[in-house]
Amino acid sequence: MKKVAIYPGTFDPITNGHVDLIQRAGNIFDEVVVLVAADTKKKPMFTTEERSAMVSEAVDDYGDNVKVRVFHGLLVEEARRHSAYIIIRGLRAVSDFEYESQMALMNKRLDPRVETFFMISREEYSYISSSFVKEISSLGGDVSTMVPAGVALKLKKSV
Ligand code: COA
């Protein structure tokens, strides 16, 4: 049976840390569906369409087994729509663990078929976050080693 994993996030914007995880997951699973959350508690800097377009551009080279989709509502319902019950999440530091474990347990409670797989971020990306990238860029700092080239350009334009 085809092993399909979903990788959800806000991706506001996608960083090299996310891209690295998608690439590594693509080597493990038959298909990875990157799910860009349209409904988010965060107040995103970029629209859903912009976030999704940046993700698509960043993973363009990874072949047919990586897909990008926007989702609305509950993640477990989107998992059901794709018949994909493997959720991938990245862990950068111990501080991510509390939130991530709560989310994994809650998703499992909402649908027991769901399994969350955690992947440890590569060391060089372990302290990158979308918020840091936005803050640094807005203050004129260089984020070109932290995000895909298209994202760096878009951030520069929005200063
Ligand atoms: N490399 C770099 N940064 C990473 C990273 C990695 N490997 N993994 C996570 N991050 C960072 C992100 O940049 C982001 O930083 P920010 O907080 O400064 O913006 C943060 O860690 C987490 O972002 P992201 O990976 O995009 O996930 P998220 O926490 O924003 O996404 C959803 C959460 C969308 C998966 C979750 O809210 C959801 O499922 N929503 C749907 C509604 C639902 O089902 N709710 C019930 C959930 S139990």
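Preceding this section is the structure that the text describes.
Residues numbered from 1 in each chain as written. Predicted model: local features only at pLDDT ≥ 70, side-chain atom pairs only at ≥ 80, totals over all residues. Heavy atoms only, no water.

> Pulling in residues and values, what's your account of the overall build of the chain?
Check the secondary structure of the chain and you find six helices and five strands. Going residue by residue from the N terminus, the α and β elements of the chain occur as β-α-β-α-β-α-β-α-β-α-α. Seen through its principal axes, the chain has C-alpha atoms that stretch 45 × 35 × 30 Å. Out of the 159 residues belonging to the chain, those deemed buried represent 47%. Within the chain, contacts between residues at least 6 apart in sequence are counted, and of these 74% link residues at least 24 apart. Put simply, the chain shows about 9,200 Å² of open surface, and 54% of that area lies on carbon and sulfur atoms. Averaging the coordinates of the 21 positive side-chain charges in the chain and doing the same for the 22 negative ones gives two points 4 Å apart. (Helix = DSSP H or I, 4+ residues; strand = E, 2+ residues; numbered from the N terminus. Buried < 20%, exposed > 50% of the residue type's maximum accessible area, 1.4 Å probe, protein only. Contact = heavy atoms within 4.5 Å. Areas by Shrake-Rupley, 256 points an atom, 1.4 Å probe, with all protein chains shown as cover. Lys, Arg positive; Asp, Glu negative; His and termini not counted. Charge placed at Lys NZ, Arg CZ, Asp CG, Glu CD.)

> Can you break down the sheet that holds strand β5 (residues 115-120) residue by residue, with the values?
On the basis of which strands lie adjacent, the open sheet formed by five strands has the order β3-β2-β1-β4-β5 and parallel pairing. Each having just a single partner strand, β3 (66-71) and β5 make up the two edges of the open sheet. Averaged over neighbouring strand pairs, the angle between their axes works out to 30° when direction is ignored. With six bridges joining them, strand β2 (residues 31-37) and β3 adopt parallel strand pairing. Note on β3: the bridge partner recorded for Val34 is Val68. Its contacts with the sheet place helix α1 (residues 16-28) against β1 (4-9), β2, β3, β4 (86-91) and β5, and it is angled at close to 120° to β5. Each of β4 and β5 touches helix α4 (residues 94-110); the most contacted strand, β4, lies at about 170° to it. (Pairing = 2+ DSSP bridges. Axes fitted to C-alpha atoms, helices over the stretch in contact; angles between N-to-C directions.)

> Can you explain the nonpolar core? Please cite residues and give values.
Nonpolar side chains tend to gather and get buried jointly when the protein is soluble and globular. Counting 30 residues, the largest nonpolar core has Tyr7, Ile14 and Val34 as its most contacted members. Among the elements of the structure, β1, α1, β2, α2 (48-58), β3, β4 and α6 (149-157) are those that each provide at least two residues to this core. In terms of residues, this core owes the most to one element, α1, which gives four residues. Not counting the four nearest positions on each side in its chain, Tyr7 is found in contact with His18, Leu21, Ile22, Val32, Val33, Val34, Leu35, Ile88 and Arg89. One finds Val4, Leu35, Leu75 and Val114 within the second-largest nonpolar core, a separate group that totals 13 residues. (Core = buried A, V, L, I, M, F, W, Y, C linked by side-chain atoms within 4.5 Å.)

> Can you break down the packing of aromatic side chains residue by residue, with the values?
Taken as a whole and judged by the stated rule, the model has two aromatic pairs. The interplanar angle of 70° and the centroid separation of 5.5 Å between the aromatic rings of Tyr7 and Phe11 together place this pair among those described as edge-to-face. Comparing Tyr7 with Phe11 shows no difference in burial state: the two are buried. Between Phe29 and Phe117, the aromatic rings sit 5.9 Å apart at their centres with planes inclined by 85°, giving edge-to-face as the arrangement. Of this pair, Phe29 sits in the loop between α1 and β2 while Phe117 sits in strand β5, and the two are 88 residues apart along the sequence. With a relative accessible area of 10%, Phe29 lands in the buried category. (Phe/Tyr/Trp six-rings, centres within 6.5 Å; stacked < 30°, edge-to-face > 60°.)

Distances and angles like these do not, on their own, reveal function.
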